[in-house]
Amino acid sequence: TMEQEAFEKLWKMIGLRYTSHPWHGIEIGKEAPGIVKAFIEVIPSDTVKYEVDKTSGFLKIDRPQKFSNIVPALYGFIPQTYCKEEVAQYCKEKTGREGIIGDDDPLDICVLTEREVTHGNIIVQAVPIGGFRMLDGGEADDKIIAVLKSDEVYGNWKNIDELPSTIVKRLQHYFLTYKQLPDEPPKCEITHIYGRDEAVEVVRRSQLDYQKYYGNVESALSFTLMEAFNFVQRQ
C-alpha cells in the first residue's frame, strides 16, 4: 500500500540521518537467544569504566576502574533486553530467596575472544555459553558469559565448563570486586555459575521484560511518523 511504502521510506531516511540508540535501536538478532548482538562499552585496556547514557545513547564515563582491577574481557550489554520481573523471578527460583528485584538495566554480557579489540562502542556477534547469577544489593544482576561468534580459539567452546578454570576465576574475581573499596564489605555476591541452557533462559526472560516495558516504542514512533505523513498528504 501507499502508506506501507511511505512507512518504509521514512524508516530508511531516519536510518540514514540518525544514529540508533545502542539499547533500543539495535536489534538483538534473529537467532536470539542462542546468538545475540552485544554492544561493547568497555575493553580490557580501558582505565575507566564506560557505560551508555540511557537518555542520549552516547558513552559516558561511569567511574575510574578501581585500583588494578580491569575488566578481563569485552564487556557491555545485549540490546533490547531488560532486567525486571521475569529475570528477578528466575533468580528467585534458582536461589530460593525472596525479595529479589531486577536492576532496571539491559542484560550485561562479557564476550571472550583471542583477538585484540582496541576500542569499545562497537557491536559484536556473541554466543552465550554460561553466566554468573549475581546479586548486587538485592538486585538480580546476571552476567552472561559468551564467546565471539566464529572466534578461532574461544569459538570452539560451547559451554562454560569447557573454559579453563583460570578464565572463569578471573571473570568471577572482577565482578566480585569491581565496586569494592579496601575498607568496605563486599557489595556483590555470585550465587551460581551456570551453563549455556540457563544463560539462554536468562536472555529469553530479559527479552520478555524488554517487550513488556519497551516493546511498543517502535510501534508508537511508527504511528507518529504515519500521522505526520498523512497530515502532509492532506495539505
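Structure's up top.
Here is what the cut-offs are and how they apply
Residues numbered from 1 in each chain as written. Predicted model: local features only at pLDDT ≥ 70, side-chain atom pairs only at ≥ 80, totals over all residues. Heavy atoms only, no water. Core = buried A, V, L, I, M, F, W, Y, C linked by side-chain atoms within 4.5 Å. Buried < 20%, exposed > 50% of the residue type's maximum accessible area, 1.4 Å probe, protein only. Helix = DSSP H or I, 4+ residues; strand = E, 2+ residues; numbered from the N terminus. 1 Å grid on protein atoms, 1.4 Å probe; cavity = no way out; pocket = protein on both sides within 12 Å on 5 of 7 lines; lining within 4 Å. Points joined across faces, edges and corners; volume = space filled by probe spheres on them. Nonpolar A, V, L, I, M, F, W, Y, C, P; charged D, E, K, R; others polar. Pairing = 2+ DSSP bridges. Phe/Tyr/Trp six-rings, centres within 6.5 Å; stacked < 30°, edge-to-face > 60°.

A.B. asks: Just to check I follow, could you spell out the nonpolar core for this structure?
C.D. replies: Across soluble globular proteins, you tend to see nonpolar side chains buried next to one another. Within the largest apolar cluster, 28 residues are counted, with the highest numbers of intra-cluster contacts made by Val36, Ile109, Val111 and Ile144. Taken together, the elements giving at least two residues each to this core come down to strand E1 (36-42), helix H2 (85-95), strand E6 (108-112), strand E7 (122-136), strand E9 (143-148) and helix H4 (196-214). Ranked by size, the runner-up nonpolar core spans 22 residues in total, among them Cys110, Ile129, Ile167 and Leu171.

A.B. asks: What is the right way to read the layout of surface pockets from this model?
C.D. replies: Rolled over the atoms, a probe sized like a water molecule indicates the empty space that remains. Looking at the second largest pocket, its volume works out to about 400 Å³. Taken together, 22 residues form the lining of the second largest pocket, with Glu41, Lys49, Glu51, Asp105 and Asp108 sitting closest to its centre. When contributions to the lining of the second largest pocket are tallied by element, the ones reaching two or more residues are strand E2 (48-52), strand E3 (59-64) and strand E4 (74-77). Considered class by class, the residues forming the lining of the second largest pocket number six nonpolar, no polar and 16 charged.

A.B. asks: I tried to follow the pairing of E4 on my own but got confused; where do I start?
C.D. replies: In regular strands, side chains alternate between the two faces of the sheet. Neither face of E4 is left uncovered, since the one carrying Leu74 and Gly76 and the one carrying Tyr75 and Phe77 both have all their residues buried. In this sheet, E4 lies alongside E1 in antiparallel orientation, the contact comprising three bridges. Looking across to E4, one finds that Val42 is bridged to Tyr75. When E4 meets E6, the two strands line up antiparallel, connected through four bridges. Pairing of Tyr75 across the sheet is with Cys110, part of E6.

A.B. asks: What's the story with the packing of aromatic side chains in this structure? I'm lost.
C.D. replies: Aromatic ring pairs are described here by two measures, namely the spacing of the ring centres and the angle between the planes. Evaluation of the coordinates by the stated rule reveals 12 aromatic pairs. On the basis of an interplanar angle of 45° and a centroid distance of 5.9 Å, the ring pair of Trp23 and Tyr82 is categorised as tilted. Here the residue Trp23 occupies a position in the loop between helix H1 (2-17) and E1, and Tyr82 occupies one in the loop between E4 and H2, the gap between them amounting to 59 residues. Under the relative-accessibility criterion, Trp23 is labelled buried at 3%.

A.B. asks: What am I meant to see in unusual backbone geometry here?
C.D. replies: Excluding glycine, a negative phi dihedral is what most residues carry, and trans is how most peptide bonds are arranged. Residue Ala32 is joined to Pro33 through a cis peptide bond whose omega torsion reads 5°. Structurally, Pro33 can be placed in the loop between H1 and E1. Positioned with a positive phi, Asp104 is a non-glycine residue whose angle comes to about 65°. Within the secondary structure layout, Asp104 lies in the loop between strand E5 (101-102) and E6. A residue is classified by how much of its surface remains accessible, and Asp104, at 31% relative accessible area, is partly exposed. You will see that Asn121, though not glycine, has its phi angle at about 60°, which is positive. Position of Asn121 among the secondary structure elements: in the loop between E6 and E7. Owing to a relative accessible area of 48%, Asn121 belongs among the partly exposed residues under this scheme.

A.B. asks: Where do I start with the pairing of E6 in this structure?
C.D. replies: Of all five residues that make up E6, five are buried, and the element is covered over most of its length. On E6, burial covers both faces: Asp108, Cys110 and Leu112 on one face and Ile109 and Val111 on the other are all buried.

Worth remembering: the numbers are spatial, not functional.
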